[in-house]
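Architecture at a glance
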Amino acid sequence: MVGTANRHRMVEMQRKRTGSGSEDGTRGPNGRPALQERVAFAVTEALSALAHRNPRSFQVASARVADQSAGEGWRLTTEHLLAEHLQAVILGAWDRGWQPADVVRIVSRQLGKRQVTLTGDAIAAQMQRYTPAAIDPRWASQLADLEARVWWRPEENHLRAWAEAQAIEWAVVVSSALQVLDLLAQLPKLEKLVPIPGTAAATGSAPPPQSAAISERVLARVRALLAKAESTTFPAEAETFTAGAQALMARHSINHALLAAHGQRSSEEPNGRRIGIDSPYEAPKAILLSAVAGANRCRTAWSRDLGFSTVIGFPADLDAVELLFTSLLVQATTAMMHAGSRTDGYGRSRTRSFRHSFLTAYASRIGQRLTETTGTQTARAATEPAGRNLLPVLAARSEAVDEAVAAMFPGMKDHAMASVTNSEGWFSGLSAADRAALRVDGELRD
């Protein structure tokens, strides 16, 4: 499993720090109080059981950590030790390139809602040590979206506060905390896309937060068009609204590129943004994101086991990709559900293969349509006086994106599109994406 070495190192480091403790003295061999030594040793045993995938041993060891008969001193020591460990593994995740949204996503994907709320509180507790000026705006935006904030009293331990708010047994609290510790300790190293807390001020002027690269006026119009696309029951209308949004963002991206070429945004460079790819039907969803990214001069790298794709491109283009993908996923899912379920001639369900093929076809055709819209806007802009040098500018930006991809993912290879095993689903998906030509009535400008 990815990251197992990290987890084993954590267990061994904890074992070395704690020693075996002292049952009858006031201090352990490392000079720490004997009670703290014993608690730390019990936690180490529980983490070791998780590391070795031994559920029965973990159950026994976790119960020992949560033992209420050991007295209030044992519980208080356990609360403080587990809270410290949670903040430590979160800091380690930052150092390995993970961001708040990434951490919460992986906990949600591999554990559950209870552990997600625990992780959110641990993140908020860890972030207390930084001043706002030392936190990148994109990082702060994720914290706000996750509602990761300190809601407990200053004198409270965040783990105790969480336990009381959840109204669950102490043994469940301990088990949940240990599971989060085990998961976060094994996280692999990722590319650092955003300065980690404490270093943002040292990196100079930070890029704008998510969705700030697109002007508020354009953003409002794009969101309005996408909201209409998602709410209409007529596929033809939905595709026309989506095309309008793509045209607006394509034109905005072109203007961004021209401004950069004339030195008004000379510091702008490609970056990456992680976007969640959730089950079911992860492969066609990743294809849809790749198609939207390609239409907006970005590229993607799918980390299937971790549940996200990294989109690489310039800030305004990244905003466009995220907005469009989120909306198109809603539209595609609605169209897929409207198509209903399927069975074969023997009454066996063929729904999964039908929907997989449906979404794959939908992604393929929508990508073509969005690319056509971008091409139309590019051709139109290139004929205008301000766009005389547009094509070389766009070529240079595409080359910069390719270089960024090569630097972030040196071993990445292009893969063939997911296989299609249900022809009915494929043609139904094409039909859903093809019912209306993606045309926009009138000129759309920012």
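Refer to the structure printed above.
In this text, all values refer to a predicted model and were calculated from it rather than measured experimentally. (Residues numbered from 1 in each chain as written. Predicted model: local features only at pLDDT ≥ 70, side-chain atom pairs only at ≥ 80, totals over all residues. Heavy atoms only, no water.)

1. Let's talk about the packing of helix H4 (residues 72–95) against helix H9 (residues 170–185)
Two numbers describe how H4 lies on H9: the axes approach to 10 Å, and their chain directions differ by 25°. The orientation of H4 relative to H9 falls into the category roughly parallel. Considering the relative orientation of H4 and H9, their crossing is left-handed. Between H4, through Arg 75, Thr 78, Glu 79, Leu 82, His 85, Leu 86, Val 89 and Ile 90, and H9, the contact on the second element is made entirely by Trp 170, Val 174, Ala 177, Leu 178, Val 180, Leu 181, Leu 184 and Ala 185. Class assignment of the residues belonging to the contact of H4 with H9 gives a composition of 12 nonpolar, 2 polar and 2 charged. (Axes fitted to C-alpha atoms, helices over the stretch in contact; angles between N-to-C directions. Helix = DSSP H or I, 4+ residues; strand = E, 2+ residues; numbered from the N terminus. Parallel < 35°, antiparallel > 145°, perpendicular 65-115°, else oblique. Left-handed = near helix turned anticlockwise from the far one by under 90°. Contact = heavy atoms within 4.5 Å. Nonpolar A, V, L, I, M, F, W, Y, C, P; charged D, E, K, R; others polar.)

2. Focus: the nonpolar core
With 61 residues, the main nonpolar core has Trp 94, Ile 123, Leu 159 and Leu 178 as its most contacted residues. Broken down by element, the residue count for this core peaks at 10 residues, all from H9. Residue contacts for Leu 178: discarding those within four places in its chain leaves Val 43, Ala 46, Leu 47, Leu 50, Phe 58, Ser 62 and Leu 82. Counting 40 residues, the second largest nonpolar core, distinct from the first, contains Leu 288, Ala 295, Val 321 and Leu 324. (Core = buried A, V, L, I, M, F, W, Y, C linked by side-chain atoms within 4.5 Å. Buried < 20%, exposed > 50% of the residue type's maximum accessible area, 1.4 Å probe, protein only.)

3. Details of the packing of aromatic side chains
Under the criterion given, the structure shown has 5 aromatic pairs. Here Trp 98 and Phe 308 contribute two aromatic rings whose centre-to-centre distance is 6.4 Å and whose plane-to-plane angle is 85°, an arrangement assigned as edge-to-face. Of this pair, Trp 98 sits in the loop between H4 and helix H5 (100–110) while Phe 308 sits in strand E3 (residues 308–313); the two residues are 210 residues apart in sequence, bridging distant segments of the chain. Trp 98 sits in the buried class, given a relative accessible area of 1%. Residue class for Phe 308 comes out buried when judged on its relative accessible area of 1%. (Phe/Tyr/Trp six-rings, centres within 6.5 Å; stacked < 30°, edge-to-face > 60°.)

4. Some thoughts on the sheet that holds strand E2 (residues 299–303)
The strand order across the open sheet built from 3 strands is E1-E3-E2, with neighbouring strands paired in antiparallel fashion. Each edge of the sheet is formed by a strand with only one pairing partner; in this case those strands are strand E1 (271–276) and E2. Taking each pair of neighbouring strands and ignoring which way they run, the sheet shows an average axis angle of 25°. (Pairing = 2+ DSSP bridges.)

5. A look at the pattern of salt bridges
Under the definition given, this model contains 16 salt bridges. Between Asp 402 and Arg 299 there is a salt bridge, with its nearest N and O atoms 3.2 Å apart. Taken together, the residues Asp 402 in helix H15 (residues 390–408) and Arg 299 in strand E2 connect sequence positions 103 residues apart. Residue class for Asp 402 comes out partly exposed when judged on its relative accessible area of 38%. Taken together, the shared-partner salt bridges connect Glu 72, Arg 75, Glu 79 and Arg 160 into one network. (Salt bridge = Lys/Arg side-chain N within 4 Å of Asp/Glu carboxyl O.)

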